[in-house]
Structures are given as C-alpha cells and as structure tokens.
Amino acid sequence: MRNDPFSRPPQGSQRRGLFGNIRWWVLLLAAGYAVFYWFSNRTVDPYTGEKVMIDSSLDARQETALGLQAYQQILSQERPMDPNAPIARDVRDIAQRLIAKVDVVETALAQEHGVQPAHFARDFQWEVNVIPSDQANAFCLPGGKMAVYTGLVPVARTRDAMAVVMGHEIAHALLRHGAQRMAQQKLTQIGQVAGAASGMDAQQQQMMMSAMGYGYLLPYARSHETQADEVGLMLAAAACFDPREAVPLWQRMGQASGGQSPPEFSSTHPNPGTRIQNLQALMPKALEYRQKFCEQAK
C-alpha cells in the first residue's frame, strides 16, 4: 500500500524525536557551561608553572576554615598523643624545619618556571599532632593543620625519611590540591546533572562517569601525587634532610602494603615503581637544593 506523503507521523515517534533533540541540547548546554567554568577559573601555580583550576569564589580564608573544620573533626574522633611525648616532639621539630623552608623553595621553583611566587602559605596557622594508630600515614590540610600516625614511624625508620613523607603532605597544601579537587568535583557534578537531565538511564550514566574517571579524574589525582613528591622532596632537601632516603622509604611503603597495589590506570596514586623512578630522576635537583639552601651543608 502506498504511503501518503502528507500523513502525520505516529505521535510516539514525534515525541522520541523531540526528546532526542532536548537531550542533545541539555548535553551541549552542560558542556558549554563546563568549558566556561574551566577557562574562567584557571590560575598559574607558582610551584609547577602550570595552569590549574581553582574556583575563583573560594578564597584563602574559606579554604583555611574548611581545613580547620576537618581537622577538628578528625581530632575529636582520633585523640592525639601528648605533645610532650618524644615522638610528638620529634615530629614537631621535623615539621618546623620543613615549614621554615617553604618560602625559599616556592621562590626557587617559581623562578624556574618564570612566574612570581604567591606565598599563599604565609597566612597558614601551622599545627602538627601525632595520632596513635597502626596506619602508616600522615596528612596536611589547607591552612597547615597536620597529623602523623604512629604507624608511619617504623616504616619511615629515620628522620630523613619521615621528613620526605611530611614534606609530601605539606606540598599538597601548598599546591592547593584540596581546592583543585573541589573544582574538579564541581565539573563532575555538572556531568552527572547533565546525564540525568538528558534522559540517560543509570547504565549510560555509569558508563559516562567511568569514562570520565579513567580518562580524567584518576590521571588528575596521580599528577597531584607526582607534584607533591617533587615539591616535598625539595622541601626536605632544603631543610637539610637527606632526599636520597626517599627511594628506600617508598620501597618500604610498598612492602608495608603487601605489594598489593592496583594497576596504575585505575589508581589515584602512581605505581610504586613509577614513583621511585620519578624520585630518582629528581635526585640531582634535590641534592642541588640541599647544597644551596641547607645552611648545615655549607
């Protein structure tokens, strides 16, 4: 039977066509906003010379307040050790030596990249506590609030290795990685909202987020770890610690985890072998920083 060229298409197919157009418009608008957000919140990091994304509405005071809030919550749940305990005094001394070199290391790295130092950390209210725990871990939050878990002590073994770990954690705060992750999360939320509003089903949304994770989020997190390794190593070297302790330290860290690390592409951290290779490549520069900025080495 001949089709009538003037007949109207079935109502259902018309709705599907309209819905398909709306879906694409939602995705295009979301993509446009994401691109606008990306380019309008870019700033140059003085430690790396790279352009990074930090929400321009988040100022230093807000970031510090968020760090303090998180720190107080942690300490309310995990009671810190007596500050007069030998381990606490030792950790505090290491922290003070590292903090004293923040300005000179930032200035030196900024000069390498041809940018001006921001000295963002000059307003930090530094504080360090030791928390009794089996965790071989440490952290430094925005604003300079730090903690070292006692489980790290037998893995670090030496003050030099402890300084490498603490320098790495301090570097995360100096590089404003927390603020960068917040901006990254906002982009992720834009994608999630766009996926839901465009009519994607749960499986399609999951596939989209998985692709974003492997293609963007996880490499982004690994780059943060690599940056913190470099800046932390320079801090430790400038503060007169031996940066060469970094390699055996990370070998021991790998052993402490049982050698069971996920494949690098699916992890937020570099593979231990990759990390050690990067540190070995940085060693000449770290030893140069030690010679240049460590008064004891002169």
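Definitions and limits used
- Residues numbered from 1 in each chain as written.
- Predicted model: local features only at pLDDT ≥ 70, side-chain atom pairs only at ≥ 80, totals over all residues.
- Heavy atoms only, no water.
- Disulfide = S-S within 2.5 Å.
- Helix = DSSP H or I, 4+ residues; strand = E, 2+ residues; numbered from the N terminus.
- Buried < 20%, exposed > 50% of the residue type's maximum accessible area, 1.4 Å probe, protein only.
- Salt bridge = Lys/Arg side-chain N within 4 Å of Asp/Glu carboxyl O.
- Pairing = 2+ DSSP bridges.
- Axes fitted to C-alpha atoms, helices over the stretch in contact; angles between N-to-C directions.
- Contact = heavy atoms within 4.5 Å.
- Parallel < 35°, antiparallel > 145°, perpendicular 65-115°, else oblique.
- Nonpolar A, V, L, I, M, F, W, Y, C, P; charged D, E, K, R; others polar.

The protein chain goes by M48 family metallopeptidase in an unreviewed UniProt entry, where it is assigned to Stenotrophomonas geniculata.

**Q** Mind laying out the state of the cysteines, listing which residues take part and the relevant values?
**A** Per the counting criterion, the structure on display carries one disulfide. A disulfide bridge connects Cys240 with Cys294, and the sulfur atoms are separated by 2.1 Å. Every disulfide takes its handedness from the sign of the S-S torsion; for Cys240 and Cys294 that torsion is 115°, giving right-handed. Of this pair, Cys240 sits in the loop between helix H8 (202-238) and helix H9 (246-256) while Cys294 sits in the segment after helix H10 (272-293); the two residues are 54 residues apart in sequence, bridging distant segments of the chain. As far as burial versus exposure is concerned, Cys240 and Cys294 are alike and both buried.

**Q** Account for the pattern of salt bridges, naming residues and giving values.
**A** Under the criterion given, the structure shown has 12 salt bridges. With a shortest N-O distance of 2.8 Å, Asp103 and Arg122 are connected by a salt bridge. Within this pair, whereas Asp103 is found in helix H4 (residues 102-112), its partner Arg122 is found in the loop between H4 and strand S3 (127-131), the two being separated by 19 residues in sequence. For Asp103, a relative accessible area of 26% puts it in the partly exposed group. The salt bridge partner of Arg244 is Asp242, with a shortest N-O separation of 2.9 Å. Among the charged side chains, a network of salt bridges with common partners joins Asp90, Asp93 and Arg159.

**Q** Lay out the sheet that holds S3 with the relevant residues and their values.
**A** Taken in spatial order, the three strands line up as S3-S5-S4 in an open sheet, and their pairing is mixed. The open sheet has two free edges, formed respectively by S3 and strand S4 (138-141), since each of these has just one partner strand. Going across the sheet, the axis of each strand differs from the next one's by a mean of 15°, ignoring polarity. With four bridges connecting them, S4 and strand S5 (residues 145-149) associate as antiparallel partners. Of the residues in S5, the one forming a bridge with Phe139 is Ala147. On top of the sheet, helix H6 (residues 159-174) reaches S4 and S5; it is set at about 30° to S4, its chief contact.

**Q** Mind laying out the packing of H9 against H10, listing which residues take part and the relevant values?
**A** Where H9 meets H10, the closest approach of the two axes is 9 Å, and the angle between their N-to-C directions is 170°. Here H10 runs roughly antiparallel to H9, going by the angle between their axes. Mapping the contact onto sequence places Ala246, Val247, Trp250 and Gln251 in H9 and Arg275, Ile276, Leu279, Gln280 and Met283 in H10. Across the contact of H9 with H10, the residue classes tally to six nonpolar, two polar and one charged.

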